[in-house]
Each structure stands twice: as C-alpha cells, then as structure tokens.
Amino acid sequence: MPLPPSRPFSISSKPLKPLPIKAIDADVFSKVWAESSALTPRSLQLLKSVGVLRHWFDGQRVLNRGQITSTALLLATGRLRVSVTTPDGEEQLLRWMLPGEISGLSSVFAETTYPTDLVASGPVEVYHIERSKMIDLIQRDPAVAIDLLRILGLRINQLFDTLADQGMHSLEQRVWAALERIAKFNSVKVADGVMLRVSQADLAQAAMASRQRVNQQLRHLQAQGLIRLGYRNIVLLRKPPAR
C-alpha cells in the first residue's frame, strides 16, 4: 500500500515564496490517507490477540512525553489527543489518534522514551502490547512486521510535514497546513468536502498562534470559498469541477 506524498521540506535559510492555497480534491484526499494510516485487518486481529485491553476516561493521560515504556498502544475505540509542549509551556496539538492506529513503536523496537503526550479525548479502549509479545509476533509472522514498517514510514513523513509547517512564516499558510494535517486523520466526507471535528482553540494550538489571530485567518479562508465554519467543526470545501 503506497504512502501518501509529503509536502516539500527545505532546510535552506532562504525564505521560500509561499505556495498558493488551493481547494482540496476531497475524494482523493480522504481515500489515500484513510487507507494508509491504519493497519490491515489481519494485523489488527493478531496484535489484539497478544495485547491487554484497558479502558481510559476523558482527560486521562495515557502516556507522557519522555515517559519510559515497553508497550505499544493499539487504539480500539474512541480517540487520543497527540500533542507536545513547547519550551514556552504552550501545548501544540499534532493530531488525534483514531481506532485501528498503533503508537509507541519506537519505544518497543528502539527502547526510547515516548515522544509525545497522549490524552484520552472522551472514553477510549486501548490494547497495551508488551515488547516481548510484539517481537515474538513479528518473528513468527513477517507480514505483520512489514505492516508495522509501513506505519513507521508514514510516521516519518508526518514528522517532516510537521517540521515544514512550523517553518512557514505566513500564519495563513500555517493555519491551512494544520487544517490539512488534522483532516488527514480526523475528518469525514460530506457533500461539499471533508468535515474536521476540531475547535478553533485546538486549531490555534496546532498552528502555534492565538485563537483570535487564527479566527481572523479562518474567516479570510471562508471568504475565499476554501472552508465553511460550523460549531466545533470546519469543512474543507471540495475543489470545484473544471470548466
């Protein structure tokens, strides 16, 4: 299953000319990421068979950034908020983890600390898979190992996308990039595009800006016909058909 393309990333110190913001192709956008971000049904079943199901309540911290852990986390139901804290003490929302996704692979295979904060957003059920059981499974079943490698490759793409987003000087560009990043993992198709279940406060954290400034940019994007604002949701509007 191919990985979705990444936005260009540059380490050059020269300022880059902002790319024009364009309406999305909702069908391609949703389909590629939905297919690529989750494990295959077979891998899911095998991983669940060696995991221990635990329940978490809204607001509970499942893992903290820097925490030592020897388990991978496979989300069964609900969603988990994935974020980091900046040196200034501000939370930066990265995305939400959704059912069928697995996290903590670097802690299992490289024995590193957990890289982000993971907080339950509503009630969730998570399979906790110990390192020894995970390694035993992939030694017995190479297909699961290949599936996990695909997920790790996708995570690397996400990392570089996030770094590229943070280097954007234009707030409008950062807001749009944050909308795209969240939509890839937390959106549903609607008649005129894809709808994100996100508040403006969460989006402000993702774009690393104040809620007031982000609201101004959202209204500007809405005036351009690129988005539609709703109550705790934002619709990225479908690209109009070519004439």
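Structure: above.
Each value, and the rule that gives it
- Residues numbered from 1 in each chain as written.
- Predicted model: local features only at pLDDT ≥ 70, side-chain atom pairs only at ≥ 80, totals over all residues.
- Heavy atoms only, no water.
- Helix = DSSP H or I, 4+ residues; strand = E, 2+ residues; numbered from the N terminus.
- Contact = heavy atoms within 4.5 Å.
- Expected span 1.5 Å × (residues − 1).
- Buried < 20%, exposed > 50% of the residue type's maximum accessible area, 1.4 Å probe, protein only.
- Arc of directions from axis to C-beta.
- Pairing = 2+ DSSP bridges.
- Axes fitted to C-alpha atoms, helices over the stretch in contact; angles between N-to-C directions.

Participant: Explain the side chain of threonine 116 to me, using residue names and the numbers behind them.
Facilitator: Note that threonine 116 resides in the loop between α3 (105–109) and β7 (117–120). Ignoring sequence-local partners within four residues, the contact set of threonine 116 consists of Leu63, Asn64, Arg65, Val82, Ser83, Val84 and Leu94.

Participant: Can you explain helix α8 (residues 211–223)? Please cite residues and give values.
Facilitator: Given a rise of 1.5 Å per residue, 13 residues ought to cover 18 Å, and the 18 Å separating the end C-alpha atoms of α8 matches this to within 8%. Every buried residue of α8 is accounted for by Val214, Asn215, Gln217, Leu218 and Leu221. Buried residues of α8, seen end-on, are gathered within an arc of 165 degrees and therefore sit on one face of the element. Structural note: α8 exposes Gln212 and Ala223 on the side pointing more than 90 degrees away from its buried face. Positive backbone phi, at 80 degrees, marks glycine 225, one or two positions downstream of α8.

Participant: Could you give an account of the sheet that holds strand β2 (residues 61–63), naming the residues involved and the relevant values?
Facilitator: Here we have 4 strands laid out as an open sheet, ordered β2-β7-β4-β5, and antiparallel in their pairing. The outermost strands of the open sheet, each flanked by one partner alone, are β2 and β5 (91–97). Looking at each pair of strands side by side, their axes are set apart by 35 degrees on average, direction ignored. Inspection of the sheet shows strand β4 (residues 80–85) paired to β7 by 4 bridges, in the antiparallel sense. Its bridge partner being in β7, valine 82 is matched across the sheet by leucine 118. Packed on one face of the sheet, helix α7 (residues 200–207) meets β4 and β5 and runs near 110 degrees to β5.

Nothing here speaks to function; it is geometry throughout.
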